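# Observations on the model geometry
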Protein chains: 4
Amino acid sequence: MINVGIIGYGYWGPNLVRNFIENIDCRVVAVCDLSPERQALVRSRYHGVQVTADANELFENPQIDAIAIATPVSHHFSLAMRALKAGKHILVEKPLTSSTEEALRLIDEAERRKLVLMVDHTFVYTPAVRKIRGLVNESQLGSIYYYDSVRVNLGLFQEDVDVIWDLAVHDFSIMEFVLGRQPTAISATGLSHVDGRKEDVAYITAFFEERLIAHIHVNWLSPVKVRRTLIGGSRRMILYDDVEPSEKVKVYDRGIDVTQPMESDYQMMVSYRSGDIWVPALPNAEALKVEVADFVNSITTGARPIADGHAGMRVVQILEAATRSMQGRGRLIELGVRRAVA
Amino acid sequence: MINVGIIGYGYWGPNLVRNFIENIDCRVVAVCDLSPERQALVRSRYHGVQVTADANELFENPQIDAIAIATPVSHHFSLAMRALKAGKHILVEKPLTSSTEEALRLIDEAERRKLVLMVDHTFVYTPAVRKIRGLVNESQLGSIYYYDSVRVNLGLFQEDVDVIWDLAVHDFSIMEFVLGRQPTAISATGLSHVDGRKEDVAYITAFFEERLIAHIHVNWLSPVKVRRTLIGGSRRMILYDDVEPSEKVKVYDRGIDVTQPMESDYQMMVSYRSGDIWVPALPNAEALKVEVADFVNSITTGARPIADGHAGMRVVQILEAATRSMQGRGRLIELGVRRAVA
Amino acid sequence: MINVGIIGYGYWGPNLVRNFIENIDCRVVAVCDLSPERQALVRSRYHGVQVTADANELFENPQIDAIAIATPVSHHFSLAMRALKAGKHILVEKPLTSSTEEALRLIDEAERRKLVLMVDHTFVYTPAVRKIRGLVNESQLGSIYYYDSVRVNLGLFQEDVDVIWDLAVHDFSIMEFVLGRQPTAISATGLSHVDGRKEDVAYITAFFEERLIAHIHVNWLSPVKVRRTLIGGSRRMILYDDVEPSEKVKVYDRGIDVTQPMESDYQMMVSYRSGDIWVPALPNAEALKVEVADFVNSITTGARPIADGHAGMRVVQILEAATRSMQGRGRLIELGVRRAVA
Amino acid sequence: MINVGIIGYGYWGPNLVRNFIENIDCRVVAVCDLSPERQALVRSRYHGVQVTADANELFENPQIDAIAIATPVSHHFSLAMRALKAGKHILVEKPLTSSTEEALRLIDEAERRKLVLMVDHTFVYTPAVRKIRGLVNESQLGSIYYYDSVRVNLGLFQEDVDVIWDLAVHDFSIMEFVLGRQPTAISATGLSHVDGRKEDVAYITAFFEERLIAHIHVNWLSPVKVRRTLIGGSRRMILYDDVEPSEKVKVYDRGIDVTQPMESDYQMMVSYRSGDIWVPALPNAEALKVEVADFVNSITTGARPIADGHAGMRVVQILEAATRSMQGRGRLIELGVRRAVA
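Residues numbered from 1 in each chain as written. Chains lettered and ligands numbered in written order. Predicted model: local features only at pLDDT ≥ 70, side-chain atom pairs only at ≥ 80, totals over all residues. Heavy atoms only, no water.

To continue, consider the overall build of chain A. Counting its regular elements, chain A contains nine helices and 15 strands. The C-alpha radius of gyration of chain A comes to 22 Å, within 12% of the 20 Å expected for a compact globule of 342 residues. Dimensions of chain A, computed from the C-alpha atoms along their principal axes, are close to 75 × 45 × 45 Å. Every one of the 342 residues in chain A was classed for burial, and the buried ones make up 61%. When the accessible area of chain A is evaluated, it comes to approximately 13600 Å², of which 49% is carbon and sulfur surface. Placing the 38 positive and 43 negative side-chain charges of chain A at their respective mean positions leaves the two points 2 Å apart. (Helix = DSSP H or I, 4+ residues; strand = E, 2+ residues; numbered from the N terminus. Rg over C-alpha atoms; globule rule 2.2 N^0.38 Å. Buried < 20%, exposed > 50% of the residue type's maximum accessible area, 1.4 Å probe, protein only. Areas by Shrake-Rupley, 256 points an atom, 1.4 Å probe, with all protein chains shown as cover. Lys, Arg positive; Asp, Glu negative; His and termini not counted. Charge placed at Lys NZ, Arg CZ, Asp CG, Glu CD.)

This is how it looks when you write it as structure tokens:
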């Protein structure tokens, strides 16, 4: 039985609490939130759970084995570091930290203490994304040509982060999980439309070593909600539409055939293929449930979780580069390969 | 009665010929195409029209008042210049030329000779785009926040131009017509997936003096056909979906309200508005028919056509900048204000 | 404060319990269900609520003012009658009873005892249906020409009722609420595809005194989920698509114009109108919450609820006629006007 | 070389003329239309084709081998009979005739004279419908449970026929081609909304000997255009959406599994299957081109065309029964098996 404490009971925290309670290997011991209203809500919903405004009570509680952190990003690092130093396994809301540097320090701390450090990249636990990763891994798509994602809606403006850190974080965590490789450089553009607020529209291109390009479009000011990812490959192509209730992943047997003409022409011949479409059935599984099970499994068996600290760090590295590039109106930012050093 | 010659009877030429024939003020005198098969096609379809492989026959024909050019881009400039020098009014397939320099020289030549120079920006003659321009001009959208367009499909790879010159040319001609202002700088990224061919995927951001950002996504390698433009404004927002058979333009009474709190907070309050949607009925009019009428009207009255040489030049300037920026992986290209000098 | 008991904690009961708990004028005193598992679920979720397998405990509890019944249809009448005789106000799951006769007896009993008898026609409390009723009442549609609804999916086969009683009950309750008039005759067809089970596909036509026709298509064997109602009027037409997340109601300014030619022709001239589409914004309100408030209001003020016993009876009358007609392969069943007699 | 004459150059005739001209085994000799405007149109489009207002000129022309008839339905029989008596093969616009009796007489006449009698059931020559028939024939769907079609739009009111004869004729011709069996009885309902005009809305149920039900919904007064057919089977189900530009046929691996519990229960267990969806690629072929080729092939080889006189007669029989049932407000009309007698 793993005893869990949750810090932050705002937008996402309630989902974490519910899923930890429903996991038979976990017990929710304490919930921490600064707001008296949110505290009252926990008390009304769950009897016997300790409720507090002081995170220290969780760190100092020797009963607690693991802590989930669902606060604004700016608090992630200090809370996570204190939790690790108190010997707790941690699951941190995405994005893992506000900077690559912070992420590296958490990774180091967790590795030294043999504690699980996991980041809440929920989408990598959805049936749709797992299916897509499977198809890519089985080479069903051939060589990947591009990864293109649009994530826009009339959304809640965040106060402390720009739209990249709020929305594109999902796309980069999915992208790195599906493609299994890291971009080498970023060029991003964007704009803020409200004085004193950060960018609410952004476009990010990611370059790779291979002949592969990725692009993410995020926007808090769209009249319609769009969640669409296109992945083009040399053999097949995928459309992943997360707004679709029942046909989220479509696999297109479409593409181009490039042939070298017999004569010594430098020019390739390009022809088109337009075959069947296949919509695989997906299991009905709540992503967060699978994620909590992965966290529990990592704690009990020592296995590495799918969304470990390194995954979290790699995404933060891209977000950092994207924001910097955006401030330079598309200026190319090279992504050095950063590794945690013990 | 205006006597017209058409050069190029490939993909687009037949539409031009048909529309000139159906315009009661025009007579199609001659069609020029290099291919014997295409020539035979013209002969079988239209009796009494002169068919030739030699464009000079059109330039030298004193009967001919106006010439439409529907050849690959690389031939536009030389054919258009020869036509102007022969005293013919011209309608040139988009994009107008391969370079801003060439466009400026055509503008100069046409102005000196008092000849009509028009570019075939077909979309600006569609009911949908005219409706959108009207809404913008009437300030129905308030301040424009962004212009975002996606134009992707499994498309014909062009041999002589990249995907920007093939597809984004539509978006830039629509954008400049709808917004009535020019970007000041461009940042673009893209990639080619076939050896020896130009870029087949591209993303272009355009910056403006105002707090406005535009973005165009074009792709020849998409498994699905998308033609979607989002225009966000402070009062209303538009979704223009050209693939929709009957509801092409949707006007959303949605957006944000930004209020300055009474206390001297630096932070603005942002709240949301989610009102009605309105889908205006659009007339059934073939764009090219309206365009041909505008060409005829310009010739007969001396009026300036909607898509004149300057409009064509401004679009070429953006395309040129976009390709250059793309080759520099997003490097910002400032757009100097270029004007034709007599 | 109204003390409420709920009988049946299966598929729909939990929604009733939750909404009664969240209504500040109500207190949930007891929940009754035969299944020990369902009882345990209530206990784990709600502390202090009495849980029982014996409905008598609710009838006999003098504390309880009102009872909601969410059991299979075959139990509605006897439970409802016992509740009324025990002096409780009642809210009964749809359809109200298994027969018109039973419905009339409940109405009589409730009227004699001055108790509220309400039927859970949830859809008439949705923002979409209320909007449509408003448009019809304001004559925005002109004369109503037809009412056409499709409600199909791969659905749970019911054991005790056919697909008409399971699904078309929704459509008839919406139809009578929106149109404010009753059909005069029914013709229905249908088929069962599983031995020993009732019809799983059905088509019902309802005739009216006016030049109006209604049709409902229900099906438990459809590979896709459809919830679409078309209402055609002489001035405007409505498409109500309940599967749409955000554009549920579309109003089309389309239709025909019929003109009498000046000469004494017997033949009318028919021409077409194809105008704008308007998608009204709808409030975000949970129907069941509004419904519970209507129930509470009826109890406290003596007002008649929107979905009263008569509404429930009229729908049962149609369902009864539809099933009878279906068994006669479309045989016309006239609907006599039935009224409760005190 | 088959010499062809076409009677009727209104809405559909031009498509026939064009397709006969493009078929290399045919030559269009003469076109007959009563309207001088339509005659002029033929002359302007096609040089060398004889144009006349007198159908006799076609019948009496010994050069002409075959005649296509594209006039209003009421003229089909007399024109077709005269053509047959003049020894011409005939292709008749759908529906074949105004009555089963007329159809039988045409069949007899054609068979006696060994002439081809074909009806223009265009849809049975489309790639989508042929694909569906193939899937049904290969038992990919298992036992067919139901055939449900909706064909509605804001349509041209016909003067001489009701909406069943105008629109449902398509559905019945597709249905009989796909299912390969005939209904045994019909129940239909409908209504007219314009004085002096026939029914503009209709619903038709067809019963079969097997446990199969079919239903067609046709409407000239719908604000939206719908062309959707659902075919449910015990193994798979099909959605055929003819409005879809690129995904017309979807095959769902969905349905129910019915199992007999081991104990001697009379009640079957019903469970659900929700598997993959498959969208087969379809060739790009114009149906009318394939149809003309079938006509030509039947003339030259003596083979029976897909849409022969018997197919035309069977559809007329259903239409006749549907109109009669509709006039009797759903009264069941049994379809006796009628056969042509020599």
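Before going further, it helps to examine the pairing of strand 13 (residues 249–259) of chain C. Residues and elements named next belong to chain C. Sheet topology places strand 12 (residues 237–241) next to strand 13; four bridges connect them, and they run antiparallel. Each bridged residue has a counterpart across the sheet, and for Ile-238 the counterpart in strand 13 is Val-251. Here strand 13 runs beside strand 14 (residues 269–279); their pairing, made up of eight bridges, is antiparallel. The partner of Tyr-252 across the bridge, within strand 14, is Ile-277. (Pairing = 2+ DSSP bridges.)

What follows concerns the interface of chain B and chain A. With 53 residues of chain B in contact, the opposing surface of chain A contributes 53 residues. For the chain B and chain A pair, buried surface summed over both sides reaches about 4900 Å², with 64% attributable to carbon and sulfur atoms. Among the residues of chain B in contact with chain A, Arg-211, Pro-223 and Arg-329 of chain B are the three that bury the most area, contributing 15% of the side total. One can count four salt bridges joining chain B with chain A. Close ionic contact of Glu-334 of chain A with Arg-329 of chain B constitutes a salt bridge, the shortest N to O distance being 3.7 Å. Across the contact surface, chain B and chain A share 17 residue pairs in polar contact (both at pLDDT 80 or more). (Contact = heavy atoms within 4.5 Å. Buried area = accessible area lost by both parts, 1.4 Å probe. Salt bridge = Lys/Arg side-chain N within 4 Å of Asp/Glu carboxyl O. Polar contact = N/O pair within 3.5 Å; in protein donor to acceptor, adjacent residues only side chain to side chain.)

With that settled, consider the relation of the copies chain B and chain A. Structural alignment of chain B on chain A gives an RMSD of 0.1 Å, achieved by rotating through 180° and translating 0.0 Å along the axis. Here the copies are linked by what is in effect a two-fold axis. Comparing interface residues between copies, 100% of those in chain B also lie at the interface in chain A; the contact surface is shared. (Least-squares fit on C-alpha atoms with pLDDT ≥ 70 in both.)

Bringing the side chain of Asp-166 of chain D into the picture now. Residue and element names in this part refer to chain D. Mapped onto the secondary structure, Asp-166 falls in helix 7 (residues 163–179). No salt bridge is formed by the buried Asp-166; its nearest oppositely charged neighbour, Lys-94, is found at 4.5 Å. With residues near it in sequence (within four places) discarded, Asp-166 still touches Lys-94, Leu-156, Gln-158, Val-161 and Trp-220.

As a further point, take the pairing of strand 5 (residues 89–93) of chain C. Residues and elements named next belong to chain C. Of all five residues making up strand 5, five are buried, and the element is well covered by its neighbours. Here strand 4 (residues 66–69) runs beside strand 5; their pairing, made up of four bridges, is parallel. From the neighbouring strand, Ile-69 faces strand 5, where its bridge partner is Val-92. The parallel pair strand 4 and strand 5 is bridged by helix 4 (residues 76–85), and the resulting crossover is right-handed. Across four bridges, strand 5 lies against strand 6 (residues 117–120) in parallel orientation. Its bridge partner lying in strand 6, Glu-93 is registered against Asp-120. A crossover connection joins strand 5 to the parallel strand 6 through helix 5 (residues 100–113); in handedness this β-α-β unit is right-handed. (Right-handed = clockwise from strand over helix to strand, strands pointing away.)

Turning our eyes to something else, we now look at the pattern of salt bridges. The full count for this structure, using the stated rule, is 56 salt bridges over all chains. Residue Glu-210 of chain A is joined to Arg-181 of chain A by a salt bridge in which the shortest nitrogen-to-oxygen separation is 3.9 Å. Of the two residues, Glu-210 of chain A is situated in the loop between strand 9 (201–207) and strand 10 (213–219) and Arg-181 of chain A in the loop between helix 7 (163–179) and strand 8 (185–191); the sequence distance between them amounts to 29 residues. The class for Arg-181 of chain A is partly exposed, based on a relative accessible area of 24%. The salt bridge partner of Arg-228 of chain D is Asp-241 of chain D, with a shortest N-O separation of 3.7 Å. Within this pair, whereas Arg-228 of chain D is found in strand 11 (residues 221–233), its partner Asp-241 of chain D is found in strand 12 (residues 237–241), the two being separated by 13 residues in sequence. When its relative accessible area of 29% is taken as the criterion, Arg-228 of chain D is described as partly exposed. Classification of Asp-241 of chain D by relative accessible area gives buried; the value is 16%. The network of salt bridges with shared partners includes Glu-109, Arg-112 and Arg-113 of chain A.

Attention shifts here to the packing of aromatic side chains. Residue and element names in this part refer to chain A. Counted according to the given criterion, the structure contains four aromatic pairs over all chains. Residues Phe-20 and Phe-295 carry aromatic rings whose centres are separated by 6.2 Å and whose planes lie at 75° to one another, so their mutual orientation is edge-to-face. Linking Phe-20 in helix 1 (residues 13–22) with Phe-295 in helix 8 (residues 287–301), this pair joins segments that are 275 residues apart in sequence. What makes Phe-20 buried here is its relative accessible area of 0%. (Phe/Tyr/Trp six-rings, centres within 6.5 Å; stacked < 30°, edge-to-face > 60°.)

The next subject is helix 5 of chain C. Residue and element names in this part refer to chain C. Taking 1.5 Å per residue as the helical rise, helix 5 with its 14 residues ought to reach 20 Å, and the 20 Å between its terminal C-alpha atoms agrees with that figure. Residues of helix 5 that are buried include every one of Thr-100, Ala-103, Leu-104, Leu-106, Ile-107, Asp-108, Glu-109 and Ala-110, and no others. Taken from the residues just after helix 5, Lys-114 is the one with a positive phi, measuring 55°. (Expected span 1.5 Å × (residues − 1).)

A separate point is the sheet that holds strand 5 (residues 89–93) of chain A. Picture the strands of a sheet paired through backbone hydrogen bonds; they go either parallel or antiparallel. Residue and element names in this part refer to chain A. With parallel pairing, six strands are arranged side by side in an open sheet as 3-2-1-4-5-6. Looking at which strands have only one partner, the edges of the open sheet turn out to be strand 3 (50–52) and strand 6 (117–120). Mean inter-strand twist for the sheet, computed between neighbouring axes without regard to direction, equals 20°. (Axes fitted to C-alpha atoms, helices over the stretch in contact; angles between N-to-C directions.)

Here we come to the sheet that holds strand 2 (residues 26–32) of chain C. All names here are of chain C. What the six strands build is an open sheet, ordered 3-2-1-4-5-6; its pairing is parallel. For this open sheet the edge positions go to strand 3 (50–52) and strand 6, each flanked by a neighbour on one side alone. Strand-to-strand twist across the sheet, computed as the mean angle between neighbouring axes with direction ignored, equals 20°. Direction of pairing for strand 2 relative to strand 3: parallel, over a ladder of three bridges.

Cis peptide bonds are those with omega within 30 degrees of zero, and the linkage from Lys-94 of chain B to Pro-95 of chain B qualifies with -10°. Mapped onto the elements, Pro-95 of chain B comes out in the loop between strand 5 (89–93) and helix 5 (100–113). Here Ser-139 of chain A, not a glycine, exhibits a phi torsion of approximately 60°, which is positive. Note on placement: Ser-139 of chain A falls in the loop between helix 6 (127–137) and strand 7 (144–154). Residue classification places Ser-139 of chain A among the partly exposed positions, given a relative accessible area of 40%. In this model, Arg-329 of chain C sits at a positive phi of 50°, which is unusual for a non-glycine residue. Checked against the element boundaries, Arg-329 of chain C lands in the loop between helix 9 (309–327) and strand 15 (333–334).

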